[in-house]
Amino acid sequence: MRVSVFGLGYVGCVSAACLASMGHEVIGVDVNQVKVDLVNDGKAPVVEERIGELIAEVVRTGALRATGDVREAIMGSEVSLVCVGTPSEPNGSLCTTYLERVTEQIGAVLAEGAEQGGRHTVVFRSTMLPGTCLNLLVPILEKYVGGTAGVDIGVAVNPEFLREGTSVRDFFDPPKTVIGELDPASGDAVTALYDGLPGEVFRVPVPTAEAIKYADNAFHGLKIGFANELGAVCQALGVDSHQVMDVFLADHKLNISPAYLRPGFAFGGSCLPKDLRSLVHAAQRADVSVPILAHVLPSNSDHLQRAVELVERTGKRRAGLFGLSFKPGTDDLRESPLVELAERLFGKGYDLKIYDANVSLSRLLGANREYIETRLPHLAQLLADSVDEVLEHAEVCLVGTRDPAVLSALPHGDGPVIIDLIHLPDAAARRTEPGYVGLAW
């Protein structure tokens, strides 16, 4: 394919050289003439493993050249990759100035060359927040071109997952390829660019592709911060942190796995809250600052409060709650987030009924009974004997269980507002229905 790459920094330079080495005809574009001259001389404008010899080779064969002329690049290509920077503003917001400027330039050239036929595809590789492409960049393109994105112009978002220092290696062996496509033809054009590379290809809506890069980088930062905070606590307690993490990393069932990484309801139970509190207290006693660990429980409480606020927004007063124990299939109520939710709703004066097949006040014993009598002493009057009793009572139902009897009875369309706390099996279909609200989806 004939490809133009806008921006010859780390991402653009590596993308241009690697695509050229795969057999594409690539034109690099940059406002910095020094970078343009370096590339045309067969030299890399960035310091990076393998990039120097790669650029020298593809420039020598004629597969890659560079220019400062936007018109020349657009007219000589069918796909444009936009790899310009999106730095932070002083207040932390995303700077989209360079993205907007390049989009305007591309749109202006496409407008003058539209009569030549053939649909051009503009692929945004720069990191940008969800909504940037559809709400900011697509309108700019359509304004300049005078056409419709997805019909007259192809548009896609293709985030990169390249680490500086190993970016050439990462390009040829990607962890995944993500293509946010405005329409199938746009996605096809991007897919063709990477034909032959390993790794799974995900073709998703444009905002999803924009968000994936942020999910990756936020998690990477969180992992580094977690490891460093835990290491500092271990050091203060006289424990070998690397030995701890060696064992931690060996657990691929719960630790290094998809476990606990699906948005859902708040966590609770007899272990996680207690142990987090103990660890943070130990850190404080040792004068070790652990802002990440110290904010896990407050974050969890805020997430629970989101459910309360969703009920408040309905304006309805008769509420039903399905599920009460902290884990399905048990009657363990200790630090159950559903008990906390019931307590908050009851405290706000909601007329509440609760159904959990595993919870009967007459069967609760020991710590379980003591906990509920302390936290929710009016539980007996709130418990319902059946799913139907809750449904007949409630104007708004909160679903916190996957009990088959509950799932099969939940109405579609007309009926109470459904507030989904667990991501119901049919959540995707229900999202189009009036009266359905997902907690974090």
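Since the structure is predicted, the reported quantities are computational estimates derived from the model, not experimental observations.

Colleague: When you look at the environment of Val14 in this model, what are you seeing that I'm missing?
Modeller: When you line up the elements, Val14 lands in helix α1 (residues 10–21). Those residues in contact with Val14 that lie beyond four places of it in its chain are Gly9, Glu48, Ile51, Leu162, Ser167, Val168 and Phe171.

Colleague: Help me understand the pattern of salt bridges, please; the structure alone is not making it clear to me.
Modeller: Where side chains of opposite charge bring their charged atoms close, a pairing between them can arise. Tallying each qualifying case throughout the model produces 17 salt bridges. Residues Arg203 and Asp188 are paired through a salt bridge, measuring 2.8 Å at the closest nitrogen-oxygen approach. You can see Arg203 sitting in strand β8 (residues 201–204) and its partner Asp188 sitting in helix α8 (residues 184–193), a full 15 residues away along the chain. Between Arg318 and Glu395 there is a salt bridge, with its nearest N and O atoms 3.9 Å apart. Placement of the pair is Arg318 in strand β9 (residues 318–322) and Glu395 in the loop between α17 (387–393) and β11 (396–399), with a sequence separation of 77 residues. Judged by relative accessible area, which is 36%, Arg318 ranks as partly exposed. Given the relative accessible area of 25%, Glu395 is considered partly exposed.

Colleague: Can you walk me through the nonpolar core in this structure?
Modeller: Considering soluble globular proteins, one finds that nonpolar side chains tend to be buried as a cluster. Ranked by size, the top nonpolar core spans 45 residues in total, and within it Leu321, Phe322, Leu324, Leu341, Ile354 and Leu421 carry the most contacts. Counting only elements with at least two residues in this core, the list comes to α13 (296–314), β9, α14 (337–347), β10 (351–355), α16 (379–382), α17, β11 and β12 (417–420). Not counting residues within four places of it along the chain, the set of residues in contact with Phe322 comprises Tyr355, Val387, Val390, Leu391, Cys397, Leu398, Val399, Gly400, Thr401, Val406 and Leu410. Listed in part, the 37 residues of the second largest apolar core include Leu8, Val36, Ala156 and Val190.

Colleague: It is not clear to me how the sheet that holds β10 should be interpreted in this structure. Could you clarify?
Modeller: Pairing between the strands of a sheet is mediated by backbone hydrogen bonds and can be parallel or antiparallel. As summarised here, the arrangement of the five strands in space is β10-β9-β11-β12-β13, forming an open sheet in which the pairing is parallel. Each edge of the sheet is formed by a strand with only one pairing partner; in this case those strands are β10 and β13 (436–438). The mean inter-strand angle of the sheet, taken between neighbouring strand axes irrespective of direction, is 20°. In the sheet, β9 pairs with β10 via five bridges, with the strands oriented parallel. Bridge pairing in β10 places Leu321 opposite Ile354. Packing of α13 onto the sheet brings it into contact with β11, β12 and β13, and relative to β11 it is tilted by some 165°.

Reading the values: the criteria
- Residues numbered from 1 in each chain as written.
- Predicted model: local features only at pLDDT ≥ 70, side-chain atom pairs only at ≥ 80, totals over all residues.
- Heavy atoms only, no water.
- Helix = DSSP H or I, 4+ residues; strand = E, 2+ residues; numbered from the N terminus.
- Contact = heavy atoms within 4.5 Å.
- Salt bridge = Lys/Arg side-chain N within 4 Å of Asp/Glu carboxyl O.
- Buried < 20%, exposed > 50% of the residue type's maximum accessible area, 1.4 Å probe, protein only.
- Core = buried A, V, L, I, M, F, W, Y, C linked by side-chain atoms within 4.5 Å.
- Pairing = 2+ DSSP bridges.
- Axes fitted to C-alpha atoms, helices over the stretch in contact; angles between N-to-C directions.

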